[in-house]
Number of protein chains: 2
Amino acid sequence: MKKEARTEIPRKAVYRLSVYLRCLHRLENNGIHTVSSEVLARAAGVKSTQLRKDLTYFGQFGTRGLGYEVQQLTEMISNLLGTKGFQPVVIVGVGNLGRALLSYRGFEREGFEIVGAFDLQPDRYLVEQSSVDESAAKSQSKVKLAEWLKAVKIPIEVKPMEALPKVINEHLVKLAVLCVPPKSAQEVVNQLIEHGVLAILNFSPIVLSVPDEVTVNNVNLAMELENLSYFINE
Amino acid sequence: MKKEARTEIPRKAVYRLSVYLRCLHRLENNGIHTVSSEVLARAAGVKSTQLRKDLTYFGQFGTRGLGYEVQQLTEMISNLLGTKGFQPVVIVGVGNLGRALLSYRGFEREGFEIVGAFDLQPDRYLVEQSSVDESAAKSQSKVKLAEWLKAVKIPIEVKPMEALPKVINEHLVKLAVLCVPPKSAQEVVNQLIEHGVLAILNFSPIVLSVPDEVTVNNVNLAMELENLSYFINE
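In this text the structure is predicted, and so the values were computed from the model without any measurement.

A. Representation of the overall build of chain A within the structure. Looking only at helices and strands, one finds twelve helices and eight strands in chain A. With 234 residues in all, chain A has 50% of them scored as buried. Looking at chain A alone, contacts between residues at least 24 apart form 61% of all its contacts between residues at least 6 apart. Carbon together with sulfur atoms contributes 52% to the accessible area of chain A, which is approximately 11700 Å² in total.

B. Representation of the layout of surface pockets within the structure. The calculated volume of the second largest pocket comes to roughly 1200 Å³. What lines the second largest pocket is a set of 42 residues, and nearest its centre among them are A:Pro181, A:Pro182, B:Tyr104, B:Gly106 and B:Arg109. With five residues, helix H2 (residues 11-29) of chain B is the single largest residue contributor to the lining of the second largest pocket. In terms of residue class, the lining of the second largest pocket is made up of 17 nonpolar, 14 polar and eleven charged.

C. Geometry of empty space enclosed by the protein. With the rule as written, the count across this model stands at one cavity of 30 Å³ or more. In this structure, the largest cavity spans a volume of roughly 30 Å³. A:Leu97, A:Ala100, A:Leu101, A:Leu221, B:Leu97, B:Ala100, B:Leu101, B:Tyr104 and B:Leu221 together form the lining of the largest cavity. For the lining of the largest cavity, the secondary structure elements donating two or more residues are helix H6 (96-103) of chain A together with helix H6 (96-103) of chain B. Of the residues belonging to the lining of the largest cavity, the class tally is nine nonpolar, no polar and no charged.

D. Structural context of the pattern of salt bridges. Scanning all chains against the criterion turns up twelve salt bridges over all chains. A salt bridge links A:Arg22 to B:Glu226; the nearest nitrogen and oxygen atoms lie 3.3 Å apart. Placement of A:Arg22 in helix H2 (residues 11-29) and of B:Glu226 in helix H12 (residues 221-232) is noted, with the two residues assigned to different chains. For the residue pair A:Arg22 and B:Glu226, the accessibility class agrees, reading buried in each case.

E. Just the environment of B:Arg124, in detail. All names here are of chain B. With respect to the secondary-structure elements, Arg 124 resides in the loop between strand E4 (112-119) and helix H8 (134-139). As a C-alpha pair, Arg 124 and Lys 144 span 20 residues in sequence and 6.0 Å in three-dimensional space. Leave out the neighbours within four places in its chain, and Arg 124 touches Val 94, Gly 95, Asp 119, Lys 144 and Leu 145. One polar contact links Arg 124 to Asp 119, side chain to side chain, over a distance of 3.0 Å.

F. The arrangement of the pairing of strand E3 (residues 87-92) of chain B in detail. Residues and elements named next belong to chain B. Taken across its six residues, E3 has six buried, putting it largely inside the fold. Residue alternation in E3 divides its side chains into two sets, Gln 87, Val 89 and Ile 91 and Pro 88, Val 90 and Val 92, and both sets are buried. Of the strand pairs in this sheet, E3 and E4 are connected by six bridges, and their pairing is parallel. For Val 90, the partnering residue across the bridge sits in E4 and is Gly 116. Taken together, the four bridges between E3 and strand E6 (residues 175-178) define a ladder with parallel strand orientation. In the strand pairing of E6, Val 89 is matched with Leu 175.

G. Structural detail: the relation of the copies chain B and chain A. Expressed as a screw operation, the relation of chain B to chain A combines 0.0 Å of axial shift with a rotation of 180 degrees, fitting to an RMSD of 0.0 Å. Within this description, the copies of the chain are treated as partners about a two-fold rotation axis. Within chain B, the C-alpha atom positioned nearest to the axis of rotation is that of B:Ala100, 2.1 Å from it. Taken together, the interface assignments show that 100% of the residues at the interface of chain B recur at the interface of chain A, consistent with an identical surface on both copies.

H. Spatial organisation of the packing of aromatic side chains. Applying the stated criterion across every chain yields a total of six aromatic pairs over all chains. Relative to B:Tyr230, the ring of A:Phe58 lies with its centre 6.2 Å away and its plane at 85 degrees, an arrangement referred to as edge-to-face. Here A:Phe58 is found in the loop between helix H4 (48-57) and strand E2 (68-69), whereas its partner B:Tyr230 is found in helix H12 on a different chain. Geometrically, the ring pair formed by A:Tyr230 and A:Phe231 is edge-to-face, given 5.1 Å between the ring centres and 85 degrees between the ring planes.

I. Structural context of H2(A). A rise of 1.5 Å per residue sets the reference length of H2(A), with its 19 residues, at 27 Å; its end C-alpha atoms lie 28 Å apart and thus fit the reference within 8%. Taken together, the buried residues of H2(A) touch strand E1 (34-35), helix H3 (37-44), H4 and helix H5 (70-81) of chain A together with H12 of chain B. Once H2(A) finishes, A:Gly31 follows within two positions and takes phi at roughly 75 degrees, a positive value.

Cut-offs applied
Residues numbered from 1 in each chain as written. Chains lettered and ligands numbered in written order. Predicted model: local features only at pLDDT ≥ 70, side-chain atom pairs only at ≥ 80, totals over all residues. Heavy atoms only, no water. Helix = DSSP H or I, 4+ residues; strand = E, 2+ residues; numbered from the N terminus. Buried < 20%, exposed > 50% of the residue type's maximum accessible area, 1.4 Å probe, protein only. Contact = heavy atoms within 4.5 Å. Areas by Shrake-Rupley, 256 points an atom, 1.4 Å probe, with all protein chains shown as cover. 1 Å grid on protein atoms, 1.4 Å probe; cavity = no way out; pocket = protein on both sides within 12 Å on 5 of 7 lines; lining within 4 Å. Points joined across faces, edges and corners; volume = space filled by probe spheres on them. Nonpolar A, V, L, I, M, F, W, Y, C, P; charged D, E, K, R; others polar. Salt bridge = Lys/Arg side-chain N within 4 Å of Asp/Glu carboxyl O. Polar contact = N/O pair within 3.5 Å; in protein donor to acceptor, adjacent residues only side chain to side chain. Pairing = 2+ DSSP bridges. Least-squares fit on C-alpha atoms with pLDDT ≥ 70 in both. Phe/Tyr/Trp six-rings, centres within 6.5 Å; stacked < 30°, edge-to-face > 60°. Expected span 1.5 Å × (residues − 1).

Below, the structure is given as structure tokens:
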């Protein structure tokens, strides 16, 4: 598929591909081999005209009266999303959120392999967690990052930033998850891009500036909650 | 502020309020007391016409030539977002992602208090984590959810679903974070709504059906990575 053709596809259509893929997996698990655009669209929460339009972007047309072949469509979408094999990923920033993401194994289930975790200070002590029981928290001894990872059985070594280029080159990493504090985010992003990263999942609450060929998706969990909070605020 | 007036404000404008708030906090920390719409807009990565339009929705007009007062604007936005005090939140589903969110303390920093964690099987053993070193993983003994939380020093008790109504009523909870498996998601959501929850941050990869007065924000971390994967896939 040509690069130029791909750039015209709306960002949201690519998100919807992920939704379709999940619905197709459920159909496949239930032993269903073909599906009409109406049924697949309903499962995905979109209109069937939307679904047909989205799939047409990628050259897939259903057969009138028969619909789509589940297995064939699954394969096509997995290929498009590049998640058929394992896509290598690095995580930069192993603070509270970075550690949470390391302990969340959902990425691996979905075809992403964390090949490296980096931190600006991999050797630091963790900041004491705030606790409901303040006195209990104070009596806890300080813990190093490496000890914490061992305690929760995450078999990964957090490396200093200097080790980044080697890991990126060895594993041909194009995808990075960014969890560093806002004040370091842009500098880290510049390094990532310099070494060949082309896509960044940014959890840092800051607007990153990147060249055109680099894609950034921003996720801010606190902001999602804040947004909901607005709607329940009287 | 009237309910009817609020419903006309675009969802994205509310997200941008969160971005403006973070930029204002940075300005405040740097001892800056007034800011022009141009400077604030640049920090937030939007056009200044967009910023002015957004703030006008909420009845805030800058003074020509003087701009906005940082403290006053901060207060107004915090009030709108309902995050001036602590907003109580429950987490339902303490699997890998739920545990990751419990260990991530960012919510509390932003004005949200986790007042309860619930699971369909709070007493279960955790599934062995997949490991780079398979033999090491197999030799590890099984761990109960409560033991895991103790090991990582999260002072929260995971309760069964039957305890949900009491906690929601006691803390007047309107906001829930949903991390249950897709097959249980809709049923859990129905329960949450029945007991008065009005807003749901949904991490379950499923389209939830909810009444009009309930707001759902969907976050799917694997889907964000998949989306990026598309853009680096040749």
